[in-house]
Amino acid sequence: MTTSYPWQAGTATGIGSYPGDDPAEALRVVLGELPEMPHLPELPARGPGADMTGRTAGLLVDMAIHVEPSGWRFSDRPGRDTSRSRDHMARDLDVLEEVAGGHDGPFKIQVCGPWTLAATIELKHGDRALKDPGAVRDLAASLAEGAAAHVADVRRRLPAAEIVLQLDEPALPAALAGTVPTASGFSRLRAVEEPIAEDTLRTVIDAVDAFTIVHCCARNVPYALLRGAGAKAISVDLSLVARRDDDAVGETIDAGTGLLLGAVRATDSVLPSLQETAEPVRQLWRRLGFPPARLARQVVITPACGMAGASPRYVREALKRCRATARMIYEAAD
């Protein structure tokens, strides 16, 4: 294995979302607590267009969206909701340039992946885009172009940084299993075939000039599919990694794919000791039989998922804990 990662050994980072509505304050917290690999905070409390789906939908090329009572839906032309989404992103990027413009290490940005977008945006007549293979292809092509332009824009604003792109795909396992509900909720959409899912995801990954992570904080993460689509790293909630996943995780590590392991709870709780936080990470590594020295290089420690539901006080504690855990694992490997 001779994989090159954008991060140094013993690194921690966040997933994406945080509480509050002040992008400058959130970014300062991220830069202060996660200096080795900070990321662009997402603040869904600001309302429609700041959520995961709406935020990414604002990046789509030649595809507009608007909010219905049932959620996001495609529109014939851009309106107020598309403008709101783009305005949130523009403000966030202006703040990023002002607050972090001199950052000279890896910097992560997050975009919703094509399958989760297709599972959460409705077609004009009300069915989820996931139901229509042609709509999914169009959506993936539009996202590929929009994500590539977004990465290029961030790179202009952070000229000394190495841009890392995270594609959020929490709905991918459900799309593969055929458990995504229809718009009515009375039935389920047909399962997506794995080769189609892989090709669609590859469309976006191949279009983007950045080290790409796929984040999936669900059960039954399709590790082999994500690697096949070109993901250089996979981000998961460690508490959802079951023993039945051991072979797939082991093959992923063996292939040199990076792992972002969510080892710290994302909602307010009493944190266990530092040793107890690190132990599930070490247990997984020992169980799979990989050398300890490789752990700190290949693995990044994160919260279990986004932290929009946490208190600001707990966010700081959790991010400190992620960094301390990564550092302890690194020092123990020396």
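Check the entry above for the structure.
Residues numbered from 1 in each chain as written. Predicted model: local features only at pLDDT ≥ 70, side-chain atom pairs only at ≥ 80, totals over all residues. Heavy atoms only, no water.

Colleague: Help me out: how do you make sense of the sheet that holds strand S9 (residues 299–303) in this one?
Modeller: The strands making up a sheet associate through hydrogen bonds between their backbones, and the pairing can be parallel or antiparallel. With parallel pairing, the six strands of this open sheet are ordered in space as S3-S5-S6-S7-S8-S9. Unpaired on one side and paired on the other, strand S3 (106–112) and S9 mark the two borders of the sheet. The mean inter-strand angle of the sheet, taken between neighbouring strand axes irrespective of direction, is 25 degrees. Relative to strand S7 (residues 233–237), strand S6 (residues 211–216) runs parallel, the two being bridged by four bridges. Bridge pairing in S7 places Val214 opposite Ile234. (Pairing = 2+ DSSP bridges. Helix = DSSP H or I, 4+ residues; strand = E, 2+ residues; numbered from the N terminus. Axes fitted to C-alpha atoms, helices over the stretch in contact; angles between N-to-C directions.)

Colleague: Would you mind going over the sheet that holds strand S1 (residues 64–68) with me for this structure?
Modeller: An order of S1-S2-S4 is seen for the three strands of this open sheet, with the pairing classed as mixed. Two strands close off the open sheet at either side, each with one partner strand: S1 and strand S4 (121–122). The sheet contact formed by strand S2 (residues 71–75) and S4 spans two bridges and is parallel. Bridge pairing in S4 links Arg73 to Glu122. With respect to the sheet, helix H3 (residues 80–100) is in contact with S1 and S2, its orientation differing from that of S1 by roughly 105 degrees. (Contact = heavy atoms within 4.5 Å.)

Colleague: Where do I start with the packing of aromatic side chains in this structure?
Modeller: We describe a pair of aromatic rings using the distance from one ring centre to the other and the angle between the two ring planes. Under the definition given, this model contains three aromatic pairs. Considering the side-chain rings of Trp7 and Phe211, the 5.5 Å spacing of their centres and the 80 degrees angle between planes classify their relative orientation as edge-to-face. With Trp7 in the segment before helix H1 (23–33) and Phe211 in strand S6, the pair connects residues that are 204 residues apart, well separated along the chain. Both residues of the pair, Trp7 and Phe211, count as buried. Through pairs of rings, three or more aromatic residues link up here, namely Tyr5, Trp7 and Phe211. (Phe/Tyr/Trp six-rings, centres within 6.5 Å; stacked < 30°, edge-to-face > 60°. Buried < 20%, exposed > 50% of the residue type's maximum accessible area, 1.4 Å probe, protein only.)

Colleague: I'm lost on the packing of helix H9 (residues 246–254) against helix H10 (residues 274–288) in this one. Help?
Modeller: Packed helix pairs are characterised by how far apart their axes lie and by the angle those axes make with each other. Between H9 and H10, the shortest axis-to-axis distance is 10 Å and the interhelical angle comes to 85 degrees. One element, H9, and the other, H10, form an angle in the roughly perpendicular class. From H9, Asp246, Val249, Gly250 and Ile253 reach across to H10, where they touch Leu284, Trp285, Arg287 and Leu288. Taken together, the residues of the contact of H9 with H10 break down into five nonpolar, one polar and two charged. (Parallel < 35°, antiparallel > 145°, perpendicular 65-115°, else oblique. Nonpolar A, V, L, I, M, F, W, Y, C, P; charged D, E, K, R; others polar.)

Remember that the coordinates give geometry; whether it matters functionally is a separate question.
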